[in-house]
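# Examination of the molecular architecture
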Amino acid sequence: MDDAAYGARDKRGDWKPNRLIKYPPVFVWPAQPLGFVRWLFGYPGYILPWNLLYAVFSVVLWLYLTPDMATMKTFSPGWIGALLARNWVIVLLFFGGFHLRLYIRKRQGNSFKYNAKWPSTDNPVFLFRSQTVDNMIWTLLSGVPVWTAYEVLTLWAFANGVVPYVDFQEHPIYCVFVMALIPTFRDLHFYCVHRLIHWPPLYRTVHKLHHNNINPGPWSGLAMHPVEHLLYFSGVLIRWIVPSHPLHAVFHLLHAGLSPAPGHVGFDKLVVGDGTVVDTHSYDHYLHHKYFECNYADGVIPLDKWFGTFHDGSDEAQKRMDERFIARARKKAQTQAGSAA
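Worth saying up front: this structure is predicted, and the values here are computed from it rather than measured.

Over the atoms, a rolled probe matching the size of one water molecule traces out where space is still vacant. The computed volume of the second largest pocket comes to approximately 300 Å³. Taken together, H198, W199, P200, Y203, Y291, F292, E293, R328, A329 and K332 make up the lining of the second largest pocket. Elements that contribute at least two residues to the lining of the second largest pocket include exactly α6 (200–211) and α12 (315–340). Broken down by element, the lining of the second largest pocket gets its largest block of residues, three residues, from α12. For the lining of the second largest pocket, the per-class residue count stands at six nonpolar, one polar and three charged.

Next comes the structure, spelled out in structure tokens:
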């Protein structure tokens, strides 16, 4: 498929979509009820395709690949190891599927690829000088174990009545509503954590590891420092406060665990057939990896717009960001000059 119909390449070969990034019609005034409904149920939209995919997958995991509540009342290596192995397999298949199709077989070549370059294979900032190997190590040996630890602890808490429990059959409307809000809550939680780890001391010691991936690929999504993994997956602790079903915890963690793959895939669209593409909705986060200090959030709530860090991909947004950087540098220089005097 010709990506020139959707965007343009610069002289370096980097591709940029024609369509600017926009927030959905949720936090707008006057209200746009028809636009909201189209966004909620349309394609692509809030439910389709990605959130529905994660939700259905979570139901399958809960029904068929999660131990029963009686088993999870007591910590034991058997069921804990089974959950860890299950999550490893899920990540290998999901992240590996993106990587195999787009970066090894290169089934769509450079079409819709933001950065013309491919992952680094000889860069000292990465373990073994390989971006992909480095990313896989951090994902599989830190990310998945931390995800699993939160899942084990939360499911154990449900099994022992430590946290407030709601039955799906008794309260189906409430449970579906909570399920639907999880991606939005994750957006808020991610923004707060993300701003925290961009605080210079935490950035240098923790978050810089993730930002080594200036040209991210699918395995970059969960390539984080263990401290960042602890913060990133901690959003599931809301289930310890808000009355929930264990399925909500499984969905929450699966969403956090899998959504970084398409979010860092490096391609704007996945070509799945003649004339058929699937949006990855990853350009906003690609810009964050490119410029570091914009688009801290990734979803429904216009937090970056409210706090002045939104970059929609336009020249005007680029100019505003550059002016912000210049003003900050000037202020820093003045402060240093004052201290020297």
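This paragraph deals with the packing of aromatic side chains. In this structure the tally under the stated criterion is 25 aromatic pairs. Seen from their ring centres, W118 and F267 are 6.4 Å apart, and the 50° between their planes marks the pair as tilted. With W118 in the loop between α3 (77–104) and α4 (131–159) and F267 in the loop between α9 (260–263) and β3 (269–273), this residue pair connects regions lying 149 residues apart in the sequence. A relative accessible area of 0% means that F267 is categorised as buried. An angle of 50° between the planes, with centres 6.5 Å apart, marks the rings of Y203 and F292 as tilted. Linking Y203 in helix α6 with F292 in the loop between α10 (283–291) and α11 (303–306), this pair joins segments that are 89 residues apart in sequence. Look at Y203 and you get buried, because its relative accessible area is 17%. By relative accessible area, which is 23% here, F292 ends up partly exposed. Taking the ring centre of Y296 as reference, the NZ or CZ of R195 above it sits at 4.2 Å.

Looking along a regular strand, one sees the side chains alternate between the two faces of the sheet. Inspection of the sheet shows β3 paired to strand β4 (residues 276–279) by four bridges, in the antiparallel sense. Bridging across to β4, L270 finds its partner in V278.

Turning to its location among the elements, D284 is positioned in helix α10. For the buried D284, no salt bridge is present, and the opposite-charge side chain at shortest range is R19, 10.0 Å distant. If sequence neighbours within four positions are ignored, D284 has contacts with I21, N295, A297 and D298.

Next up on the list: a nonpolar patch on the surface. Taken together, the side chains of L52, V56, V59, V60, L63, Y64 and L65 make up a nonpolar region of the molecular surface, amounting to roughly 640 Å² of accessible area. Position of Y64 among the secondary structure elements: in helix α2 (residues 50–64). A relative accessible area of 64% means that Y64 is categorised as exposed.

In this structure, P77 sits in helix α3. Here P77 falls in the exposed class, since its relative accessible area comes to 72%. Taking C-alpha positions, P77 is 40 Å from F267, a pair spaced 190 residues apart along the chain.

Looking along the chain, the bond that leaves W29 and enters P30 is cis, with omega of 5°. Looking along the chain, the bond that leaves L48 and enters P49 is cis, with omega of -5°. Note on placement: P49 falls in the loop between α1 (33–41) and α2. One non-glycine residue, F112, adopts positive backbone phi at about 70°. Examined against the element boundaries, F112 turns out to sit in the loop between α3 and α4. Phi is positive for F128, close to 60°, though the residue is something other than glycine. For F128, the position within the fold is in the loop between α3 and α4.

Applying the stated rule across the entire model yields two cavities of 30 Å³ or more. Its volume calculated, the largest cavity comes out at about 60 Å³. Contributing to the lining of the largest cavity are H99, Y103, P119, Q131, T132, N135, G217, P218, W219 and S220. Contributions of two or more residues to the lining of the largest cavity are made by α3 and α4. Residue contributions to the lining of the largest cavity peak at three residues, all from α4. For the lining of the largest cavity, the residue count by class is four nonpolar, six polar and no charged. Of the pockets and cavities examined, the second largest cavity occupies roughly 40 Å³. Taken together, F190, V193, H194, I197, M224, E228 and Y232 make up the full set of residues lining the second largest cavity. Taken together, the elements giving at least two residues each to the lining of the second largest cavity come down to α5 (172–197) and α7 (226–232). For the lining of the second largest cavity, the element with the most residues is α5, which contributes four residues.

Overall, the coordinates contain ten salt bridges when judged by the stated rule. For E151, the salt bridge identified is with R86, shortest N-O distance 2.5 Å. Taken together, the residues E151 in helix α4 and R86 in helix α3 connect sequence positions 65 residues apart. As far as the burial class goes, E151 and R86 line up, both buried. Measuring nitrogen to oxygen at the nearest pair gives 3.8 Å for the salt bridge that ties K269 to D268. With relative accessibility at 5%, the residue K269 sits in the buried group. What emerges from the salt-bridge pattern is a single network uniting R19, D268, K269 and D279.

Rules and cut-offs
Residues numbered from 1 in each chain as written. Predicted model: local features only at pLDDT ≥ 70, side-chain atom pairs only at ≥ 80, totals over all residues. Heavy atoms only, no water. 1 Å grid on protein atoms, 1.4 Å probe; cavity = no way out; pocket = protein on both sides within 12 Å on 5 of 7 lines; lining within 4 Å. Points joined across faces, edges and corners; volume = space filled by probe spheres on them. Helix = DSSP H or I, 4+ residues; strand = E, 2+ residues; numbered from the N terminus. Nonpolar A, V, L, I, M, F, W, Y, C, P; charged D, E, K, R; others polar. Phe/Tyr/Trp six-rings, centres within 6.5 Å; stacked < 30°, edge-to-face > 60°. Buried < 20%, exposed > 50% of the residue type's maximum accessible area, 1.4 Å probe, protein only. Lys NZ or Arg CZ within 6 Å of the ring centre and 35° of its normal. Pairing = 2+ DSSP bridges. Lys, Arg positive; Asp, Glu negative; His and termini not counted. Salt bridge = Lys/Arg side-chain N within 4 Å of Asp/Glu carboxyl O. Contact = heavy atoms within 4.5 Å. Patch = residues over 30% accessible without salt bridge, like charges linked within 9 Å, V, L, I, M, F, W, Y side chains within 5 Å. Areas by Shrake-Rupley, 256 points an atom, 1.4 Å probe, with all protein chains shown as cover.

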